[in-house]
Amino acid sequence: MPARAAAIVLVLLLFPSIAVSASTDKGWETLVSIDQALAGLQAWPRTRGQTLEQSLQETSIAEREATIAALRARLDALAVQDWSVAGKADYLVVWAQLNGVDFQHRVTRPWQRDPIFYLRLLQRIPYAELPFEGTALERFGRELRAVPAIAERARANLTDPLGELAGLAVFHLDHFDGVGQGQPYRDAPPGGTIAWFDDLCRRVETHHPDELATCRAARDALADWRDWLRDEQPLMTASAGIGAEELEWYFRNVRLLPWSAAEMGLLGQREYHRYHAAYRIARNRNKALPELALTTSREQHEKRTREAEAEIRALLIEQGLLTF
């Protein structure tokens, strides 16, 4: 069972959506349409035809819940017991995906409980490389104007926020965590999302001065939201834990893993120690080499990144790990 589960998980990671190809299984077209509908649910709240603020309204969230229920009914109605092995595998992938969407809506409810849910919608805006022209500039302006609306919507929707997650959101608003997450290179990286908006506004003043007031309003809205989170955090439920029962349901029905929460913890400890052992061995093997130095310029950073990508790709091809 563990080996089979691991193989299924690999399929889910590599192929998050089923291949739309011809099949003789009765009801296959229904499965494909469910899979396509799930793609839209998984992209939420960036819903086609709606602004972010509109898709986070209570009515839109209720419509999403109704859509999940309707997709569940259609999926349950499929008589897959007579399907081919390939068809059953595809069914399992879609079933697990639907369980994941349902789990988010039923248990984690990030729009109600997780401030980071809203921060992720906004934090990449200041990474934009200016200047823009034409429709790109119009889209950039819309994104800036959306920031205060999303921050206000976050306050309204976060009816059951969790203290641990609020603390993380405040940290990311104020601090750079040192992990590259798509930020453009800076010799001295800004301190956090709010500081990245300061960086953006300086560039907007140079390239698009007509948008400067909009940029500053976006930055100030995030600062006000951070202050609100700080003030409200002592009143929030402290722990973000969902409990072992819900966690194990997620393992078994979304990730298709056969282990309990305790067993997963044990596996995690084993892999943690395995990693440290491999790290120590690698350091010892290369102890005669000089320590790697951090990059000191944009050009050096980009050069090293390109070289590392080329080395990784060459290694994968050389050892036959992946095809390109």
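Residues numbered from 1 in each chain as written. Predicted model: local features only at pLDDT ≥ 70, side-chain atom pairs only at ≥ 80, totals over all residues. Heavy atoms only, no water.

**Side note on helix α9 (residues 163-174)**
- End to end, α9 covers 17 Å across twelve residues, agreeing with the expected 16 Å (1.5 Å per residue, within 8%).
- Those residues of α9 that sit buried are Gly-163, Leu-165, Ala-166, Ala-169, Val-170 and Leu-173. What you see down the axis of α9 is that its buried residues fit within an arc of 160°, all on one side.
- If you follow the buried residues of α9, they end up packed against α6 (110-113), α7 (115-122), α10 (193-207) and α11 (212-232). (Helix = DSSP H or I, 4+ residues; strand = E, 2+ residues; numbered from the N terminus. Expected span 1.5 Å × (residues − 1). Buried < 20%, exposed > 50% of the residue type's maximum accessible area, 1.4 Å probe, protein only. Arc of directions from axis to C-beta. Contact = heavy atoms within 4.5 Å.)

**Examining the pattern of salt bridges**
- The full count for this structure, using the stated rule, is 17 salt bridges.
- A salt bridge links Asp-102 to Arg-106, with the shortest nitrogen-to-oxygen separation between them at 3.4 Å. Remark: Arg-106 and Asp-102 occur in helix α5 (residues 85-108); sequence separation between them is four residues, near one turn of the helix.
- Relative accessible area serves as the criterion here: at 36%, Arg-106 is assigned to the partly exposed category.
- Among the ionic pairs, Arg-226 bridges to Asp-227, the shortest N-O distance being 3.1 Å.
- Overall, the relative accessible area of 16% leaves Arg-226 in the buried class.
- Taken together, the shared-partner salt bridges connect Asp-174, Arg-226, Asp-227 and Arg-230 into one network. (Salt bridge = Lys/Arg side-chain N within 4 Å of Asp/Glu carboxyl O.)

**Some words on the layout of surface pockets**
- Of the voids in this model, the second largest pocket is the one considered here, and its volume is about 470 Å³.
- Lining the second largest pocket are 20 residues, with Tyr-185, Pro-189, Leu-294, Thr-295 and His-301 positioned closest to its centre.
- The greatest single-element share of the lining of the second largest pocket, amounting to three residues, is contributed by helix α14 (residues 298-318).
- Looking at side-chain class alone, the lining of the second largest pocket contains nine nonpolar, eight polar and three charged residues. (1 Å grid on protein atoms, 1.4 Å probe; cavity = no way out; pocket = protein on both sides within 12 Å on 5 of 7 lines; lining within 4 Å. Points joined across faces, edges and corners; volume = space filled by probe spheres on them. Nonpolar A, V, L, I, M, F, W, Y, C, P; charged D, E, K, R; others polar.)

**Considerations on a negative patch on the surface**
- Together, Glu-129, Asp-187, Glu-299 and Glu-302 line one region of the surface with negative charge.
- Among the secondary structure elements, Glu-302 is positioned in helix α14.
- Among the residues examined, Glu-302 registers a relative accessible area of 36% and is labelled partly exposed. (Patch = residues over 30% accessible without salt bridge, like charges linked within 9 Å, V, L, I, M, F, W, Y side chains within 5 Å. Areas by Shrake-Rupley, 256 points an atom, 1.4 Å probe, with all protein chains shown as cover. Lys, Arg positive; Asp, Glu negative; His and termini not counted. Charge placed at Lys NZ, Arg CZ, Asp CG, Glu CD.)

**Some points on empty space enclosed by the protein**
- Taken as a whole and judged by the stated rule, the model has one cavity of 30 Å³ or more.
- By volume, the largest cavity amounts to about 80 Å³.
- Residue lining of the largest cavity: Gln-123, Tyr-127, His-172, His-175, Phe-176, Asp-177, Gln-181, Gln-183, Gly-192, Thr-193 and Trp-196, and that is the complete set.

**Regarding the state of the cysteines**
- On inspection of all chains with the given rule, the structure shows one disulfide.
- Two residues share a disulfide in this structure: Cys-201 and Cys-215, whose sulfurs sit 2.2 Å from each other. On the sign convention where negative means left-handed, the S-S torsion of about -100° between Cys-201 and Cys-215 marks this disulfide as left-handed. On the criterion of sequence distance, the pair formed by Cys-201 in helix α10 and Cys-215 in helix α11 is long-range, its members being 14 residues apart. (Disulfide = S-S within 2.5 Å.)

**Overview of the nonpolar core**
- With 40 residues, the main nonpolar core has Tyr-118, Phe-197, Leu-200, Leu-222, Trp-225 and Leu-229 as its most contacted residues.
- When residues of this core are traced back to their parent elements, those giving at least two are α7, α8 (134-157), α9, α10 and α11.
- Residues Trp-28, Leu-38, Ile-68 and Trp-83 belong to the second largest nonpolar core, which totals 16 residues. (Core = buried A, V, L, I, M, F, W, Y, C linked by side-chain atoms within 4.5 Å.)

**What to know about unusual backbone geometry**
- For the bond from Trp-44 to Pro-45, the omega torsion is 10°, close enough to zero to count as cis.
- Within the element layout of this structure, Pro-45 appears in the loop between α2 (28-43) and α3 (52-55).
- Cis geometry is found at the peptide bond from Leu-130 to Pro-131, where omega equals 5°.
- Within the secondary structure, Pro-131 is located in the loop between α7 and α8.
- Within the chain, Arg-109 stands out as a residue other than glycine whose phi angle is a positive 40°.
- Inspection of the secondary structure puts Arg-109 in the loop between α5 and α6.

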